[in-house]
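Take a look at the letters that make up each chain.
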Amino acid sequence: MKNIICLITLFLGTIVSLRAQSYDPSRVDKKAFGFYNQAMEKAQEGRMDEAAQFLIKAIEADPSYLDAYLSLAGVYGQQKNYKASTEYYEKAFPMDADYTMEYKLPYSINLAGQGEFEKALAAINELLEKDPPKNSNTLKAAQYRKRCYEFAVDYARKNADKKYEFAPRNMGEAVNTAESEYFPSLTIDGTELIFTRRLNGTNEDFFTSTWQNDQWSASKPLAGNVNTPQNEAAQNISQDGQWLVFTGCYRPDGFGSCDLYISYKQDNGWSEPINLGGWINTDQWESQPCLSPDKRELYFASRRPGGFGGSDIYVSRLQPNGKWGEPENMGEGVNTIGDEQSPFMHADNQTLYFTSNHWPGYGDDDLFYIRKGPGGKWSQPINLGYPINTISREGTLFIAADGKTAYYASDRHDSKGGMDIYSFELREDVRPYKTTWVKGKVFDKKTSEGLPSSVELIDIMGKQIISKVQTDESGNYMITLPVGKDYAFNVNRKGYLFYSENISLLNNTVDSVFEKNIPLQPIEANASIVLHNIFFDVNKWDLKPESQTELDKVVQLMNDNPSMKIQITGHTDNVGKPAENLTLSNNRAKAVVEYLVGKGINPGRLSAKGFGETKPVAGNDTEEGRARNRRTELKVTGI
C-alpha cells in the first residue's frame, strides 16, 4: 500500500520499508480502507479528480487515516494544485513525524510550485539532515531540488527590488480551441500570428490569425501547400513575413528522425516545403528553428554527434551563393551536458532566448537569455527568474518588437483545452531592445527601376553590423532598428555610389515606422552623395572615431572602382564668420582625404575643397536646416 502512495507522490520505483511508528495502517477503518482502494484504482487509470473524491471520503470515514492524507496530497500535486497539496501534507506531518519524513521531498516540490522557495529549502534540508533517503535515485533527486531551491532563494534576494506581476492573458477563442495550440510566432509589425495546432490529438498543422480592428481574427489554416497530412510543427516566421522555417519528422525526403524545412510566401499562399539539406540536417534530431531578423542566420536545436551532450543549439549562416553554411555549435557559453533547446532571436538581432535543463535554475527546463556584445561575443546566460520560470518545464518564448510583449503556450487553468497561447508583459530587466523597423524600395535614380541591393545597419559607436539584408528583385527591403543606438544606414550595389544615412535612436523612443525609398546614383562623372556619417566636434576638423565606418565604405568604393577619382567637399551653416567657416570646411575635407590616403588610396585620385556656408541645401533659420547644411559630400570627378 505504501508503494502506491509513493507512486502518487512521485517516488517512482522507490521501495519504502516500514519502520516503527505510532501510526498503524492495520487499524484503519474498513469503510475508509475501501474508499482508499477505489481511489487507488482511479489514480492508476489517470482519473485523478475521482481519486481525490474517494480519498476525501476515506478521510471523512477515518480522520486518522494518515495514508489517505498523504495520497490526497500526492494526487493534488499531480494536478499541480500545489496549495491543496501542501495543505494536506501539513495536516499529515503532525500525525507521525517519522512515518511522514520522506514526504518532505514532494512537499517541498509543491511549496516551490507556489513560489515558497524558502519554506521548500527548509523542508528539504530537514529531510537531508534528519533522514537522508536510502535509495540513491531519491537522494539525488533531493539534492538536486536543494540546489534549485538555493538558486531560487538567492535569485529572489538579489532581485528583491524588482516589482513584477506575472499575469498571462489567454489570447481568446479566435486563436485557442479545445485542441492544443503552441509555438507562437509573429511578423515584426505584429499583424500576423502563426502557430501550431494539434488536430484530433495527432496531426500538427500551421494556422494563422491577423490583427484587425484591435482584435485577432478567427484563425484558419495557412494558405498554400505548407500543411500536409504529415506533422508540421515548431515553426518560425521571418520578421518580414516572407519565409517560414519549421520541423518535419519522418518524411520521405528526410535525413533523420526530424529535419528542418523552409517554405516561401507566394501570391497564392505558402510554397511546398523544401528540406534544408545535408548541411543543416543529419540522421539525428534537428528541430525548433529560428531565423535572425535579417534572415542571414538560422538557429536551431540538434542532437547531432560532436556536441556537449543532449541537445545543443547551433547556428548556420547564409552564404553569398544562397546556401546555408555548415552549422556551428554555439559553444560552452550556451551549451552544456544537458539539453539546450528552443532558440529565439529577437528582432533586435542581439538578444537570444533559449531553454536549458542544466544551467542553474528552478528545475527542469528554464528560460535564459544571452546578449551579443562587441565583436559578436555572447554574454553569460541569465535566468529569466520566477514566476516566468517555475519548477515545471518551460517551452518556447516569442517576444514582440516592442521588447515587452511576450507570447508562450501553457495549460493554465483558463485554457480552452490542452495547451493555449497566452501573452504577458516581460519583466523590464530581462527584455530585449525595443525595435522599430525601416522599409522601402531601392531604385535607380535616373530610371526609377527597382534595384536588388545590399542594405546594412551598423552600430556607429560599436562599429558592429547589426543587420544586413538583401532586397528582393524589385528592390523592396525591410530592416529592423533596435532603439538605443545611433546607426549608419548604408545601401550598396555594384556600379552605383553607396547610399548613406544617419539614424539616431540613442535618445529617441520612436514608435513610428520609418519608410525610406532610396535612389542610387550610377557611378558617372559629377554624380555626388552626402556622407551622413562623417562627424566632427564643433569648430574642429579632427575626425571623430564614429566616422570610421563611413570612411571605410569610401575606401571600399575606391578599391572596387580603381579608376574612379573623387572630390571631397566640406560645407557649413552660416553661424560664425564666413572666412572662418570657409577655412573650417576646407580643413574638414582635407581630413577626410588624409584618412583615405592613410588607407592606401592614391592621392592622385583625391581632391579636397571647402565651400563654407556658400552652398546651403536648407534654410539656416532652424537647427534642422543648419544641421543639413553642415555636411561632407563626395563627388565623382573622373571614371
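The coordinates are above.
Presented here is an overview of the structure given in this document. (Residues numbered from 1 in each chain as written. Predicted model: local features only at pLDDT ≥ 70, side-chain atom pairs only at ≥ 80, totals over all residues. Heavy atoms only, no water.)

When its secondary structure is counted, the protein chain shows 12 helices and 34 strands. Summarising its shape, the C-alpha atoms of the protein chain cover approximately 110 × 50 × 50 Å along the three principal directions. Residues counted as buried form 55% of the 639 residues belonging to the protein chain. Relative to all contacts within the protein chain whose residues are 6 or more apart in sequence, the contacts with residues 24 or more apart total 57%. (Helix = DSSP H or I, 4+ residues; strand = E, 2+ residues; numbered from the N terminus. Buried < 20%, exposed > 50% of the residue type's maximum accessible area, 1.4 Å probe, protein only. Contact = heavy atoms within 4.5 Å.)

What follows covers the sheet that holds strand E21 (residues 405–410). One open sheet holds the four strands; their spatial order is E1-E22-E21-E20, and the pairing between them is antiparallel. In this open sheet, the two strands that pair with only one neighbour each are strand E1 (169–170) and strand E20 (397–399). As judged from the three bridges shared by E20 and E21, these two strands associate in the antiparallel manner. What sits directly across from leucine 397, in E21, is tyrosine 408. (Pairing = 2+ DSSP bridges.)

Tallied over the entire structure, the rule returns one disulfide. The residue that forms a disulfide with cysteine 249 is cysteine 258, at a sulfur-sulfur distance of 1.9 Å. Taking the sign of the S-S torsion, about 100 degrees here, the bridge from cysteine 249 to cysteine 258 comes out right-handed. You can see cysteine 290 has no disulfide; the closest cysteine sulfur is in cysteine 258, sitting 18 Å from it. When its relative accessible area of 1% is taken as the criterion, cysteine 290 is described as buried. (Disulfide = S-S within 2.5 Å.)

Relative to each other, helix H7 (residues 104–113) and helix H8 (residues 117–130) sit at 170 degrees, their axes nearing to 8 Å. Relative to H8, the element H7 is oriented roughly antiparallel. Between H7 and H8, the residues in contact are Lys104, Leu105, Tyr107, Ser108, Leu111 and Ala112 and Phe117, Lys119, Ala120, Ala123, Ile124, Glu126 and Leu127, respectively. Class assignment for the residues of the contact of H7 with H8 results in nine nonpolar, one polar and three charged. (Axes fitted to C-alpha atoms, helices over the stretch in contact; angles between N-to-C directions. Parallel < 35°, antiparallel > 145°, perpendicular 65-115°, else oblique. Nonpolar A, V, L, I, M, F, W, Y, C, P; charged D, E, K, R; others polar.)

Another point: empty space enclosed by the protein. The full count for this structure, using the stated rule, is two cavities of 30 Å³ or more. Space inside the largest cavity adds up to approximately 140 Å³. Along the wall of the largest cavity there are 15 residues; nearest its centre are Phe183, Gln235, Pro289, Pro343 and Thr396. When residues of the lining of the largest cavity are traced back to their parent elements, those giving at least two are strand E2 (180–186), strand E7 (232–237), strand E12 (286–291), strand E16 (340–345) and E20. For the lining of the largest cavity, the class distribution of residues is nine nonpolar, six polar and no charged. Taken as a whole, the second largest cavity holds about 30 Å³ of empty space. Taken together, the residues that form the lining of the second largest cavity break down as five nonpolar, three polar and no charged. (1 Å grid on protein atoms, 1.4 Å probe; cavity = no way out; pocket = protein on both sides within 12 Å on 5 of 7 lines; lining within 4 Å. Points joined across faces, edges and corners; volume = space filled by probe spheres on them.)

Below, the discussion takes up helix H11 (residues 578–598). If you check H11, its first and last C-alpha atoms are 30 Å apart, about what 21 residues at 1.5 Å a residue would give, namely 30 Å. Within H11 the residues assigned to the buried category are Asn581, Leu584, Ser585, Asn587, Arg588, Ala589, Ala591, Val592, Val593, Tyr595 and Leu596. On its buried face, H11 sits against helix H10 (548–560), strand E32 (565–571), strand E33 (606–610) and strand E34 (631–638). Downstream of H11 by one or two residues, glycine 600 has phi in the positive range, about 95 degrees. (Expected span 1.5 Å × (residues − 1).)

Here helix H4 (residues 66–78) is 13 residues long and its end C-alpha atoms lie 19 Å apart, about the 18 Å a rise of 1.5 Å per residue gives. Within H4, 11 of the 13 residues are buried, which leaves it mostly tucked inside the rest of the structure. For H4, every residue scored as buried is listed here: Leu66, Asp67, Ala68, Tyr69, Leu70, Ser71, Leu72, Ala73, Gly74, Val75 and Tyr76. Lysine 80 sits one or two residues past H4 and shows a positive phi near 60 degrees.

Note that the residue after tyrosine 386, namely proline 387, is joined by a cis bond; omega there is 10 degrees. Tracing the backbone shows proline 387 in the loop between strand E19 (382–383) and E20. For alanine 234, which is not glycine, the phi dihedral falls at a positive 50 degrees. Mapped onto the elements, alanine 234 comes out in strand E7.

In total, this model carries 37 salt bridges according to the counting rule given. Glutamate 328 is the salt-bridge partner of arginine 317, the closest N and O atoms lying 3.1 Å from each other. On the criterion of sequence distance, the pair formed by arginine 317 in strand E14 (residues 312–317) and glutamate 328 in strand E15 (residues 328–329) is long-range, its members being 11 residues apart. Given a relative accessible area of 35%, arginine 317 falls into the partly exposed group. Between lysine 485 and aspartate 459 there is a salt bridge, and its shortest N-O distance comes to 3.6 Å. With a gap of 26 residues between them, lysine 485 in the loop between strand E26 (476–482) and strand E27 (486–492) and aspartate 459 in strand E24 (residues 454–459) connect regions that are remote in the sequence. Here the salt bridges do not stand alone but share partners, grouping Lys42, Glu45, Arg47 and Glu50 into one network. (Salt bridge = Lys/Arg side-chain N within 4 Å of Asp/Glu carboxyl O.)

It is worth spelling out the environment of alanine 142 at this point. Note that alanine 142 resides in helix H9 (residues 136–158). When the C-alpha positions of alanine 142 and lysine 104 are compared, they lie 9.4 Å apart, and in sequence the two are 38 residues distant. Those residues within four positions of alanine 142 in sequence are excluded, and the remaining contacts are Leu105, Ile124, Leu127 and Leu128.

A separate point is the sheet that holds E34. Strand order in the open sheet formed by four strands is E31-E34-E32-E33, with mixed pairing between adjacent strands. Edge strands, defined here as strands with exactly one partner in the open sheet, are strand E31 (528–530) and E33. Averaged over all pairs of adjacent strands, the angle between strand axes in this sheet comes to 20 degrees, irrespective of strand direction. Two strands pair when backbone bridges link them, and E32 and E34 are joined in this way by seven bridges, in the antiparallel orientation. Directly across from glycine 570, in E34, lies its bridge partner threonine 632. Sheet contacts for H11: E32, E33 and E34; angle to E33, the most-contacted strand, approximately 160 degrees.

Of all six residues in E16, six are buried; the element is thus mostly enclosed. Here E16 folds back onto strand E17 (residues 351–356), and the loop between the two strands holds five residues, one of which, asparagine 349, carries a positive phi near 60 degrees.

Time to look at the packing of aromatic side chains. Going through the model one piece at a time under the given rule, you end up with 31 aromatic pairs. Arranged with centres 5.3 Å apart and planes meeting at 40 degrees, the rings of tyrosine 36 and tyrosine 65 form a pair that is tilted. On the criterion of sequence distance, the pair formed by tyrosine 36 in helix H2 (residues 30–44) and tyrosine 65 in the loop between helix H3 (48–61) and H4 is long-range, its members being 29 residues apart. We note that tyrosine 36, like tyrosine 65, is buried. With centroids separated by 6.1 Å and ring planes inclined at 70 degrees, the aromatic side chains of tyrosine 89 and tyrosine 107 adopt a geometry described as edge-to-face. Taken together, the positions of tyrosine 89 in helix H5 (residues 82–92) and tyrosine 107 in helix H7 put the pair 18 residues apart, joining distant regions of the chain. An identical accessibility class is assigned to tyrosine 89 and tyrosine 107; each is buried. Aromatic ring contacts, followed pair by pair, group Phe117, Phe151, Tyr155, Tyr362 and Tyr386 into a single cluster. Above the plane of the ring of phenylalanine 611 lies lysine 609, whose end atom (NZ or CZ) is 5.3 Å from the centre. The cationic tip of lysine 615 hangs over the ring face of phenylalanine 611; the distance from NZ or CZ to the ring centre is 4.2 Å. (Phe/Tyr/Trp six-rings, centres within 6.5 Å; stacked < 30°, edge-to-face > 60°. Lys NZ or Arg CZ within 6 Å of the ring centre and 35° of its normal.)

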